[in-house]
Amino acid sequence: MLNRWNPFEMSNGAVALGPLMAKEFDQLFRELSVRQGNSRELVPPADIFETAEGITLQVDLPGHDAKAIEVKVENDTLIIKSERKVVERPEKDSARRLERSFGVYARSFVVPRTVDASRVEARYENGVLTLTLPRREESRPRVVEVKVNG
């Protein structure tokens with residue numbers, strides 16, 4: 001007979017950590033997983049799409065000031081950096097729960113040689129930074145016509 005193992009269940013069947021405590025641990029691990037090497041920098045999630053024209057990156061940066069988002073290409077690395085600042089609250093307000101992350105967000109990607117880094121475009125809309133990295137002309141796929149004799 002196979003038994004299901006639950007790491008939070010004690011031998012008498014009682015749960016050692018309640019569902020709320022398990023949820024808190026889950027949140028803690030999620031927060032730790034988004035931190036980069038520097039413990040003060042947060043890593044925003046990103047989606048990457050590739051087409052024949054190039055690469056598109058979409059990076060979640062909700063609550064950031066568009067003018068403060070820094071995008072640069074150094075050698076073969078695309079670097080995104082921004083800071084989400086804490087909103088000052090009146091002293092009479094007392095925080096009941098704080099779940100949003102504030103601080104410096106940074107992310108870097110290695111740019112393939114097929115990308116023309118001098119033509120990178122950036123657009124920030126609804127909390128999402130969209131970067132378009134066009135392919136170099138010589139690296140775009142070519143269609144070769146096949147001739148049939150006879």
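Before reading further, recall that the structure is shown in the block above.
Here the structure is a predicted model, which means the values were calculated and not measured.

Caption draft 1: Focus on the nonpolar core. Leu57, Leu61, Leu78, Ile80, Leu129, Leu131 and Leu133 are the most contacted members of the largest nonpolar core, which totals 15 residues. Put simply, the parts of the chain that give this core at least two residues each are β3 (54-60), β5 (77-84), β6 (103-110) and β8 (128-134). Not counting residues up to four positions away in its chain, the partners in contact with isoleucine 80 are Val59, Leu61, Glu70, Tyr105, Ala106, Arg107, Phe109, Leu129 and Leu131.

Caption draft 2: Layout of the pairing of β5. Along β5, the buried face is formed by Leu78, Ile80, Ser82 and Arg84; none of Thr77, Ile79, Lys81 and Glu83, which line the opposite face, is buried. Where strand β4 (residues 70-74) meets β5, five bridges bridge the pair, whose relative direction is antiparallel. Note that in β5 the partner of glutamate 74 across the bridge is threonine 77. Connecting β4 to the next strand, β5, in antiparallel fashion are two residues, including asparagine 75 with a positive phi near 55°. Bridge analysis of β5 against β6 gives eight bridges, and the strand direction is antiparallel. Note that in β6 the partner of leucine 78 across the bridge is phenylalanine 109.

Caption draft 3: Structural detail: the side chain of threonine 130. One can find threonine 130 in strand β8. When sequence neighbours within four positions are dropped, the list of residues in contact with threonine 130 reads Thr56, Leu57, Gln58, Glu121, Ala122 and Arg123.

Caption draft 4: Molecular detail of the sheet that holds β8. Pairing within the open sheet is antiparallel, and its four strands lie in the order β2-β3-β8-β7. Lying at the two open borders of the sheet, with one neighbouring strand each, are β2 (46-50) and β7 (121-125). The sheet shows a mean angle of 15° between the axes of neighbouring strands, direction not considered. As paired strands, β7 and β8 are joined by five bridges and run antiparallel to one another.

Caption draft 5: Geometry of the sheet that holds β6. Pairing within the open sheet is mixed, and its four strands lie in the order β1-β6-β5-β4. Unpaired on one side and paired on the other, β1 (41-42) and β4 mark the two borders of the sheet.

Caption draft 6: Fine view of the packing of aromatic side chains. Per the counting criterion, the structure on display carries zero aromatic pairs. It is arginine 84 that lies over the ring of phenylalanine 102; its NZ or CZ is 4.9 Å from the centre.

Rules used in this analysis
- Sequence order sets the numbering: in each chain, residues are counted from 1 along the sequence as written.
- Confidence filtering applies because this is a predicted model: local features only for residues at pLDDT of at least 70, side-chain atom pairs given and counted only at 80 or more, and all residues used for totals across whole chains, interfaces and linings.
- To get the side-chain values, all heavy atoms of the structure are used, and hydrogens and water are removed first.
- Note on terminology: a nonpolar core comprises buried Ala, Val, Leu, Ile, Met, Phe, Trp, Tyr and Cys residues joined through side-chain atoms within 4.5 Å.
- Only protein chains enter the accessibility calculation, which uses a 1.4 Å probe; a residue whose area is less than 20% of its type maximum is buried, one above 50% is exposed, and one in between is partly exposed.
- Only DSSP runs of H or I covering at least 4 residues are called helices, and only runs of E covering at least 2 are called strands; the numbering of each starts at the N terminus.
- In what follows, residue pairs with any heavy atoms lying within 4.5 Å of each other are defined as contacts.
- A pair of strands is treated as paired once DSSP finds two or more bridges between them.
- The convention used is that axes are lines fitted to C-alpha atoms, helices contributing only their stretch in contact, and that angles between N-to-C directions extend from 0 to 180 degrees.
- Classification of ring pairs rests on two measures: the distance between centres of Phe, Tyr or Trp rings, Trp counted by its six-membered ring, which must be within 6.5 Å, and the angle between planes, read as stacked under 30 degrees, edge-to-face over 60 and tilted in between.
- In our convention, an over-ring charge means Lys NZ or Arg CZ found within 6 Å of a ring centre and within 35 degrees of that ring's normal.

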